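What the coordinates show
Next come the chains, spelled out residue by residue.
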Amino acid sequence: MTDAPHIIVIGAGLMGLCTADELTQRGARVTVIDGRSGPCEGTSFSNSGMIHPSQACSWDPDARQTQAALDAARVSVTLGKRSKTLLLEKMKQFGMAERDAGCIQLQPSLKAARAMQASQNDLGVRTDVMMGMAESFGRPACFFPEDSSGDAQAFGCALEKNLAARAVRFIYDAEDLDLRCSDEGFAVRTSAHQFRCDHVVVAAGAGSPQILVKLGLRLNLELISGAAADFALPTDVSDFPSCPIMDRETRSALTIFADRLRVSGGWNVTDPTALIARWTVIAPHIFERLDAPQSIWTSQRPVSPVGRPYISATSISNLWVNTGHGHMGWTLCAGSGELLAEMILEERQDGRFAFAG
Ligand SMILES: Cc1cc2nc3c(=O)[nH]c(=O)nc-3n(C[C@H](O)[C@H](O)[C@H](O)COP(=O)(O)OP(=O)(O)OC[C@H]3O[C@@H](n4cnc5c(N)ncnc54)[C@H](O)[C@@H]3O)c2cc1C
């Protein structure tokens with residue numbers, strides 16, 4: 001028997017895995033439960049790979065200029081910078097390649113690039129304006145030198161293996177999750193398992209609201225779809241970009257991973273065809289050398305109002321949430337896991353990402 005608290009984390013995506021990691025480091029016994037058959041098979045499966053604190057502003061065109069959205073962006077930039085440091089350390093530990101070479105965002109005009117630079121500087125994000133450079137395909141752009149990139153899904157799989165070796169238990173293919181709380185703690189059931197635990201963390205991405213509503217809690221999340229297409233790399237990639245390139249207009253990105261090129265992103269996009277067409281116009285010299293996509297994929301980002309994620313206690317004692325990171329989940333996962341673990345096990349008080357329910 002051990003006195004270590006038993007904590008169940010629901011969700012084996014980036015958020016659940018990073019939370020499990022930080023809880024385990026602080027001495028908790030952790031069980032991770034997921035409805036799919038392995039780690040990072042939800043939204044964390046095929047993202048653009050950018051670790052980009054620079055993009056903390058809400059993507060919602062109606063919200064992004066409000067004071068609430070700017071306040072949310074400010075705290076997300078701070079968390080993003082901490083999270084990036086943690087992520088790069090962990091990636092190094094797993095022997096994973098990261099590109100610490102920044103990210104570029106194409107802008108519709110030089111005027112727009114300068115306006116972006118001013119608003120980013122105001123948020124504490126270093127931003128350079130680019131004009132007529134080969135790296136931005138000759139287009140006006142902003143360069144964010146403090147951003148990085150890496151393969152989120154490969155990281156999640158490496159972290160899951162590492163956690164399993166540190167005695168974290170993983171339950172996959174979990175069906176009919178049922179969560180009940182009493183004065184003695186929580187009873188968590190699936191069709192095949194039954195557990196008692198001291199705390200529960202809901203890190204179930206797009207599935208989080210449905211889990212919480214059964215306990216009478218309303219989590220305000222919008223589900224915004226995005227898509228991805230992966231292409232095999234040609235033999236000669238010497239003139240391919242050395243860092244991810246974002247297109248502000250379509251909210252999409254072109255990312256070169258070790259063995260493939262990915263076009264991904266989009267706002268309410270369920271098919272990457274239009275994104276591929278757009279990138280073919282932006283970078284014809286690249287796309288004329290690619291074969292048809294090897295795979296395509298679509299998923300839903302859990303997006304909170306004004307882009308402020310929920311990393312928080314709830315009104316139910318010892319029930320916690322870590323979700324709502326929208327287009328920032330890879331960037332923020334390590335910092336979010338650390339913050340929540342400190343709240344749960346070290347009694348840290350932090351209301352920056354509070355959930356009011
Ligand atoms: C196209 C695209 C590109 C992106 N690019 C970037 C990027 O470049 N940089 C960046 O920072 N972010 C990016 N993101 C965002 C990032 O990928 C997400 O924010 C992140 O993956 C969310 O992780 P998560 O763990 O919260 O959710 P998920 O990865 O979806 O994990 C949630 C898990 O919970 C499980 N689950 C749900 N409900 C239940 C239930 N009832 N019972 C059991 N299990 C359940 C699911 O099976 C899933 O495995 C991108 C997103 C998309 C869609």
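Keep in mind that this is a model prediction, so the values were computed, not measured.

A separate point is a negative patch on the surface. Taken together, the side chains of Glu41, Asp173, Glu175 and Asp176 make up a negatively charged region of the molecular surface. Looking at the element boundaries, Glu41 is found in the loop between β2 (29-33) and β3 (50-51).

According to the stated counting rule, one finds two cavities of 30 Å³ or more in the structure shown. In this model, the largest cavity occupies a volume close to 110 Å³. Forming the walls of the largest cavity are 17 residues, and the residues nearest its centre are Val303, Gly307, His325, Gly326 and His327. Of the residues belonging to the lining of the largest cavity, the class tally is eight nonpolar, eight polar and one charged. Here the second largest cavity defines a volume of roughly 60 Å³. If you trace the second largest cavity, you find it lined by Ser54, Gln55, Ala56, Cys57, Trp59, Arg64, Gln105, Met116, Gln120 and Arg251. Broken down by class, the residue content of the lining of the second largest cavity amounts to four nonpolar, four polar and two charged.

Right, let's talk about the pairing of strand β12 (residues 199-202) for a bit. Within a regular beta strand, the side chains point alternately toward one face of the sheet and then the other, so they alternate between its two faces. Judged by which residues are buried, β12 turns out to be covered on both faces: His199 and Val201 on one side and Val200 and Val202 on the other are all buried. Sheet topology places strand β1 (residues 6-10) next to β12; four bridges connect them, and they run parallel. The residue of β12 that forms the bridge with Ile7 is His199. Across three bridges, β12 lies against strand β19 (residues 319-323) in parallel orientation. Of the residues in β19, the one forming a bridge with Val202 is Val321.

Let's shift gears to the site of the ligand. The environment of the ligand is made up of 29 residues, and the closest members are Asp34, Ser44, Met50, Gly326 and Thr331. Interatomic distance of 3.0 Å between a backbone N/O atom of Met15 and an oxygen atom of the ligand. Its free accessible area being 1000 Å², the ligand has 92% of it covered by the protein chains. Considering each element in turn, the shell around the ligand owes the most residues, three residues, to helix α8 (residues 329-345). When grouped by side-chain class, the residues that make up the shell around the ligand number nine nonpolar, 17 polar and three charged.

Where helix α2 (residues 67-93) contacts α8, the two axes come as close as 7 Å, and the packing angle between them is 95°. Comparing the axis directions of α2 and α8 gives the class roughly perpendicular. Mapping the contact onto sequence places Ser76, Leu79, Gly80, Arg82, Ser83, Lys84, Leu86, Leu87, Lys90 and Met91 in α2 and Trp330, Thr331, Leu332, Cys333, Ala334, Gly335, Ser336, Glu338 and Leu339 in α8. Of the residues assigned to the contact of α2 with α8, the class counts are nine nonpolar, six polar and four charged.

Analysis parameters
Residues numbered from 1 in each chain as written. Predicted model: local features only at pLDDT ≥ 70, side-chain atom pairs only at ≥ 80, totals over all residues. Heavy atoms only, no water. Patch = residues over 30% accessible without salt bridge, like charges linked within 9 Å, V, L, I, M, F, W, Y side chains within 5 Å. Areas by Shrake-Rupley, 256 points an atom, 1.4 Å probe, with all protein chains shown as cover. Salt bridge = Lys/Arg side-chain N within 4 Å of Asp/Glu carboxyl O. Lys, Arg positive; Asp, Glu negative; His and termini not counted. Charge placed at Lys NZ, Arg CZ, Asp CG, Glu CD. Helix = DSSP H or I, 4+ residues; strand = E, 2+ residues; numbered from the N terminus. 1 Å grid on protein atoms, 1.4 Å probe; cavity = no way out; pocket = protein on both sides within 12 Å on 5 of 7 lines; lining within 4 Å. Points joined across faces, edges and corners; volume = space filled by probe spheres on them. Nonpolar A, V, L, I, M, F, W, Y, C, P; charged D, E, K, R; others polar. Buried < 20%, exposed > 50% of the residue type's maximum accessible area, 1.4 Å probe, protein only. Pairing = 2+ DSSP bridges. Near = heavy atom within 4 Å. Polar contact = N/O pair within 3.5 Å; in protein donor to acceptor, adjacent residues only side chain to side chain. Axes fitted to C-alpha atoms, helices over the stretch in contact; angles between N-to-C directions. Parallel < 35°, antiparallel > 145°, perpendicular 65-115°, else oblique. Contact = heavy atoms within 4.5 Å.

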